[in-house]
Every structure is written in C-alpha cells, then in structure tokens.
Amino acid sequence: MRRRTKILLRLTAFLSLVRWTHILFLAVAQSLSALTLLSGSGPTPWVSLAGVVVATACIVAGGSLFNSFYDLERDLIERPWRTLLERPVARKYGMKLAFTFYAVALVVAAGTLSLRVSLATALYALLVFLYSHKRWGFGVGGALIASLLAFAPLLLATATLLPDSLPGFVRG
C-alpha cells in the first residue's frame, strides 16, 4: 500500500475508536436541557454552557478510547469487522490521545466554569476513567454506575447554569 493510503486507513481506524454518536447525543441533550428545562430562570450564560458541553464531550471521547483498548477481546466477538479495522491503531497513541482529551476537558472546565463545577467535572472525568479502566461494568452495580455516569453530564449542565437552585437541579 502507498503511504498515503496507510495514513488514511489508520486515521479512519483512529476516528472510529471514539463513539461520535454518543458525544453528539450528549451535546444535544445538554443544549436542549439548557434551552428548555433551565430557560425559565433567566438568561443562559452561553460561555458556561459551551464550556460544560466541550468538557463533557472530551471526557466521553477519552473514556471511549480507553474502553476501546481495554475491551478489545470482547469487541472482537461482538463486532469483528469494525474491531479488525481498528487494530492498526497503536495502543500507546490511543492512550496519549485519551489523556489529551482529558487534559483539554479539565483546562476548558477550569477556564469557563466555576470552581465547584470544575471540581465536579474533574470528579466525573476520574469516574469515567475508572469505569473504563477498572472493569466496573459487570453485574447490577456496573449497570447502576453506567446509568449514573450517563446522567452526570446533565447534572453538570444544571449545576453550571443554576448553581444555587435546588428546584433547577431537580428539574435537570
């Protein structure tokens, strides 16, 4: 194969490791929650909303990269063709990119969100990393943790937009 074809194949494989549909769904859900559920409380701070959306999107992208490398054997059984496409990606580059996603998320959170929400975002990043890395996904407890991690970005958006409102937090 030519060098250009190899590079394009590896880039495609690398981009297929990140679950872009999950990230898009998460960004849309956070934006819609800000526009609908949280809109009655005053003007929406767009910079803070963009910060929480970008931070959680980067955290989910990093977590999906970690998950792809740790679940390689199971993915070979469940989706063999896609996993064979992803195999040319070296594990060390995937891990570097995952940590880069996490770093970008924490920098964005620190730059655009309050200290309390930034710390909550860092805790969310740690929990996503541990869930992807430590195999917490088995049994009933794993399903509960996955549900809480899936719901946490909406709570982060609520804490960003309505920091002192218990009814707003409950609505979110």
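Data block above holds the structure.
Residues numbered from 1 in each chain as written. Predicted model: local features only at pLDDT ≥ 70, side-chain atom pairs only at ≥ 80, totals over all residues. Heavy atoms only, no water.

*Asks:* Is there a simple way to think about the overall build of the chain in this case?
*Replies:* Of regular secondary structure, the chain possesses nine helices and zero strands. Ordered by position from the N terminus, the helices and strands of the chain form the series α-α-α-α-α-α-α-α-α. By residue count, 38% of the 172 residues in the chain fall in the buried class. Excluding contacts between residues fewer than 6 apart, the proportion of contacts in the chain whose partners are at least 24 apart in sequence is 74%. With an accessible surface of roughly 10,100 Å², the chain has 72% of that area assigned to carbon and sulfur atoms. (Helix = DSSP H or I, 4+ residues; strand = E, 2+ residues; numbered from the N terminus. Buried < 20%, exposed > 50% of the residue type's maximum accessible area, 1.4 Å probe, protein only. Contact = heavy atoms within 4.5 Å. Areas by Shrake-Rupley, 256 points an atom, 1.4 Å probe, with all protein chains shown as cover.)

*Asks:* What am I meant to see in the packing of aromatic side chains here?
*Replies:* Aromatic ring pairs: the centre-centre distance and the angle between the two ring planes describe each pair. One pass over the full model with this rule turns up four aromatic pairs. Between Phe 66 and Phe 99 the ring centres are 5.1 Å apart and the planes differ by 75°, which places this aromatic pair in the edge-to-face class. One end of the pair, Phe 66, is in helix α3 (residues 46–70); the other, Phe 99, is in helix α6 (residues 91–112), with 33 residues separating them in the sequence. Overall, Phe 66 belongs to the buried group, its relative accessible area being 1%. Relative to Tyr 102, the ring of Phe 66 has its centre 5.8 Å away and its plane inclined at 35°; by these criteria the two rings are tilted. Placement of the pair is Phe 66 in helix α3 and Tyr 102 in helix α6, with a sequence separation of 36 residues. Judged by its relative accessible area of 8%, Tyr 102 falls in the buried class. (Phe/Tyr/Trp six-rings, centres within 6.5 Å; stacked < 30°, edge-to-face > 60°.)

*Asks:* Help me understand the nonpolar core in this model?
*Replies:* Nonpolar side chains in soluble globular proteins tend to be buried together. In this structure, Val 52, Ile 59 and Tyr 124 are the most contacted members of the largest nonpolar core, which totals 34 residues. The set of elements that each furnish at least two residues to this core consists of α2 (20–37), α3, α6, α7 (115–133) and α8 (139–161). Among the elements that take part in this core, α3 stands out by supplying 12 residues, more than any other. Leaving out residues up to four positions away in the same chain, Val 52 has contacts with Gln 30, Leu 113, Leu 156, Ala 157 and Thr 160. (Core = buried A, V, L, I, M, F, W, Y, C linked by side-chain atoms within 4.5 Å.)

*Asks:* Whenever I open this one, the layout of surface pockets confuses me. Can you help?
*Replies:* Space left empty within the atom packing is revealed by a probe, the size of a water molecule, rolled over the atoms. A volume near 200 Å³ is recorded for the second largest pocket. Every residue lining the second largest pocket is counted, 11 residues in all, and those nearest its centre are Ala 120, Tyr 124, Ala 152, Leu 155 and Leu 156. Sorting the residues of the lining of the second largest pocket by element identifies α7 and α8 as the ones contributing at least two each. Looking at the lining of the second largest pocket element by element, the count peaks at six residues for α8. (1 Å grid on protein atoms, 1.4 Å probe; cavity = no way out; pocket = protein on both sides within 12 Å on 5 of 7 lines; lining within 4 Å. Points joined across faces, edges and corners; volume = space filled by probe spheres on them.)

*Asks:* What's the story with α7 in this structure? I'm lost.
*Replies:* Side chains that are three or four residues apart share a direction in an α-helix, a result of its 3.6 residues per turn. If you check α7, its first and last C-alpha atoms are 27 Å apart, about what 19 residues at 1.5 Å a residue would give, namely 27 Å. Considered for burial, the residues of α7 that qualify are Val 117, Ser 118, Thr 121, Tyr 124, Ala 125, Val 128 and Ser 132. Angular distribution of buried residues about the axis of α7 spans 115°; they occupy a single face of the element. Exposed side chains of α7 directed beyond 90 degrees from the buried face belong to Leu 115, Arg 116 and Leu 119. (Expected span 1.5 Å × (residues − 1). Arc of directions from axis to C-beta.)

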